[in-house]
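# Notes for the structure review
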Amino acid sequence: METKGTACQCKTKERPDSEYKDLIHRLNRIEGQVRGIRGMVEKNAYCIDILVQVTAVSAALSSFNKVLLENHIRTCVVEDVREGKEEAVEELLTTLQKLMK
């Protein structure tokens, strides 16, 4: 059931503890980096110093995306294809096009 104005497709995934902990750890580090950037702005830090930190956050988010995408392909996509759900490939291709913009 999709609600107007949201992208939720109401799918869920059970993740192994190791995957869950890794993703949460990465997100916690990114969240801390973003709070640090906010602190730098509040303290009127030099623009270049802030830009360097923003680049680090962008790289961390990109790394998070790569890990999540790899996990998705190895589990969800492979399982769906084995079950004959060919639409999983189309969904993956659409997602990759969005990620590569």
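Residues numbered from 1 in each chain as written. Predicted model: local features only at pLDDT ≥ 70, side-chain atom pairs only at ≥ 80, totals over all residues. Heavy atoms only, no water.

### Quick word on helix 1 (residues 17–42)
Across its 26 residues, helix 1 extends 37 Å between first and last C-alpha, which sits within 8% of the 38 Å expected from 1.5 Å per residue. On the buried face of helix 1, the contacting elements are helix 2 (47–82). Asparagine 44 lies just past helix 1 and shows a positive phi near 55 degrees. (Helix = DSSP H or I, 4+ residues; strand = E, 2+ residues; numbered from the N terminus. Expected span 1.5 Å × (residues − 1). Contact = heavy atoms within 4.5 Å.)

### Re the pattern of salt bridges
When the charged atoms of two side chains lie near each other, side chains of opposite charge can form a pair. Applying the stated criterion to the full structure yields 8 salt bridges. The shortest N-O distance in the salt bridge between glutamate 19 and lysine 13 comes to 3.3 Å. The buried category is assigned to glutamate 19, whose relative accessible area is 9%. On the basis of relative accessibility, which here comes to 21%, the residue lysine 13 falls in the partly exposed class. In this structure, arginine 26 and aspartate 22 form a salt bridge, with 3.1 Å as the shortest nitrogen-oxygen distance. With arginine 26 and aspartate 22 both in helix 1, this residue pair falls 4 residues apart, about one helical turn. (Salt bridge = Lys/Arg side-chain N within 4 Å of Asp/Glu carboxyl O. Buried < 20%, exposed > 50% of the residue type's maximum accessible area, 1.4 Å probe, protein only.)

### Description of a nonpolar patch on the surface
A contiguous nonpolar surface patch, about 420 Å² in accessible area, is contributed by Tyr46, Ile48, Leu51 and Val52. Following the sequence through the fold, tyrosine 46 ends up in the loop between helix 1 and helix 2. (Patch = residues over 30% accessible without salt bridge, like charges linked within 9 Å, V, L, I, M, F, W, Y side chains within 5 Å. Areas by Shrake-Rupley, 256 points an atom, 1.4 Å probe, with all protein chains shown as cover.)

### Thoughts on the packing of helix 2 against helix 3 (residues 87–99)
Axis separation between helix 2 and helix 3 bottoms out at 10 Å; the angle between their running directions is 165 degrees. By the angle between their directions, the pair helix 2 and helix 3 is classed as roughly antiparallel. Considering how the two elements wind past one another, helix 2 and helix 3 form a crossing that is left-handed. Residues Asn65, Leu69, His72, Ile73, Val77, Asp80 and Val81 of helix 2 form the contact with helix 3, whose participating residues are Ala88, Val89, Glu91, Leu92, Leu96 and Leu99. Across the contact of helix 2 with helix 3, the residue classes break down as 9 nonpolar, 2 polar and 2 charged. (Axes fitted to C-alpha atoms, helices over the stretch in contact; angles between N-to-C directions. Parallel < 35°, antiparallel > 145°, perpendicular 65-115°, else oblique. Left-handed = near helix turned anticlockwise from the far one by under 90°. Nonpolar A, V, L, I, M, F, W, Y, C, P; charged D, E, K, R; others polar.)

### A closer look at the side chain of glutamate 19
Structurally, glutamate 19 is set in helix 1. Those residues in contact with glutamate 19 that sit more than four places away from it in its chain are Lys13 and Asn71.

### Here's the deal with the environment of valine 89
Its location among the elements puts valine 89 in helix 3. Expressed as a C-alpha distance, the spacing of valine 89 and valine 77, which sit 12 residues apart in the sequence, is 7.0 Å.

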